[in-house]
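# Chains, contacts and geometry: an overview
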Amino acid sequence: VSDGSLEDYYNFSQSQKSQDQTEVTFFAVGDIMLSRNVAGQMAKNQNDSFWPFRALEDELHSTDFNFGNLESPFSGRDDFNPSGSLVFNAPTWSLPGLVQYNFKVLNLANNHAFDQGLEALLYTKKLLTENGLTGLGVVANLDEAFRGQVYSVKGVRVGFIGASYASENDGGASRNQNVARIEDTEKLKNSIADL
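Only a predicted model underlies this, so the values are computations on that prediction, with no experimental measurement involved.

## Side note on the pairing of strand β5 (residues 149-153)
Strand residues, when the strand is regular, have side chains that alternate between the two faces of the sheet. Direction of pairing for β5 relative to strand β6 (residues 156-160): antiparallel, over a ladder of five bridges. In the sheet register, V150 faces β6, and the bridge partner there is G159. Hairpin connection from β5 to β6: two residues lie between these consecutive antiparallel strands, with K154 at a positive phi of about 55°.

## A look at the sheet that holds strand β3 (residues 103-107)
Taken together, the four strands give an open sheet; going across it, the order is β1-β2-β3-β4, and neighbouring strands pair in parallel fashion. What marks the edges here is a single partner per strand, and that holds for β1 (26-32) and β4 (134-136). Across the sheet, the mean angle from the axis of one strand to that of its neighbour is 20°, orientation sign disregarded. Across five bridges, β1 lies against strand β2 (residues 65-70) in parallel orientation. Bridge assignment links I32 to a residue of β2, and that residue is L70.

## So, the environment of D79
Of note, D79 is situated in the loop between β2 and α4 (95-100). Accessibility expressed as a relative area gives 42% for D79, which makes it partly exposed. Put simply, D79 and N89 are 10 residues apart on the chain and 7.1 Å apart in space, counted from C-alpha to C-alpha. At 2.9 Å, the side chain of D79 forms a polar contact with the side chain of R77.

## Overview of helix α5 (residues 117-130)
Over its 14 residues, α5 runs 20 Å from end to end, which matches the ideal 20 Å to within 8%, given 1.5 Å per residue. Taken together, the buried positions of α5 are occupied by A120, L121, T124, K125, L127 and L128. All buried residues of α5 fall inside an arc of 160° around its axis, so they share one side. With respect to the buried face of α5, the exposed residues turned more than 90 degrees away are E119, K126, T129 and E130. Buried residues along α5 sit in contact with β2, α4, β3 and β4. Among the residues trailing α5, G132 stands out with phi positive, at a value near 80°.

## What about the side chain of N89?
Take N89: it is sitting in the loop between β2 and α4. N89 sits in the buried class, given a relative accessible area of 3%. Only 2.8 Å separates the side chain of N89 from the side chain of S75, close enough to count as a polar contact. A distance of 2.5 Å separates a polar side-chain atom of N89 from the backbone oxygen of D79. Filtering out sequence-adjacent residues up to four positions away, N89 remains in contact with L34, S35, P73, F74, S75, R77, D79, F80 and Q116.

## Considerations on unusual backbone geometry
With a phi angle near 55°, N47 is a residue other than glycine that sits in the positive phi range. If you trace the backbone, N47 turns up in the loop between α2 (36-44) and α3 (57-61). Taking the relative accessible area as the measure of exposure, N47 reaches 36% and is therefore partly exposed. Although it is not a glycine, K154 sits at a positive phi angle of roughly 55°. Structurally, the position occupied by K154 is in the loop between β5 and β6. Residue K154 is classed as exposed on the basis of its relative accessible area, which comes to 52%.

Rules of the game
Residues numbered from 1 in each chain as written. Predicted model: local features only at pLDDT ≥ 70, side-chain atom pairs only at ≥ 80, totals over all residues. Heavy atoms only, no water. Pairing = 2+ DSSP bridges. Helix = DSSP H or I, 4+ residues; strand = E, 2+ residues; numbered from the N terminus. Axes fitted to C-alpha atoms, helices over the stretch in contact; angles between N-to-C directions. Buried < 20%, exposed > 50% of the residue type's maximum accessible area, 1.4 Å probe, protein only. Polar contact = N/O pair within 3.5 Å; in protein donor to acceptor, adjacent residues only side chain to side chain. Expected span 1.5 Å × (residues − 1). Arc of directions from axis to C-beta. Contact = heavy atoms within 4.5 Å.

Okay, structure coming up:
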């Protein structure tokens, strides 16, 4: 308080009190699958992109935003293997479900990030951005992939960093310059400090 007056202190403490009482809620969910059998079920229901989320509709709409791990990249093509294939591709018509159910921040750094190659990975990040969603943990180089992102809601800033144990679906054997990896502890520590 600049001059130490009681009135200034009261105004300052009331301002702090109202800021301290701001509440922001979000769900952090695990893998979001929009390919394979899930895409097959959506397709059977006339490409219903809301189908995977409908059972949790009330819960997902009760928060300020939601976070998840997007396990299936978008290539821009709508083909997908409806069987038990471990190579994923989310049809573009499945994106509205993420938007409708308030997924504002999505980790893209995971073992399926490269299922459709680098071009599709970059396309996924661009597609999310164009639709008001934030993709984490991947980009054209590792410094950018490790850069944390802040999502702001109600004046509260929530920071996120995305990283994975694997860059491709090979148990973590291969590496690339596009997916942040959790064992890169120095980069991870620096990212947390910067954020």
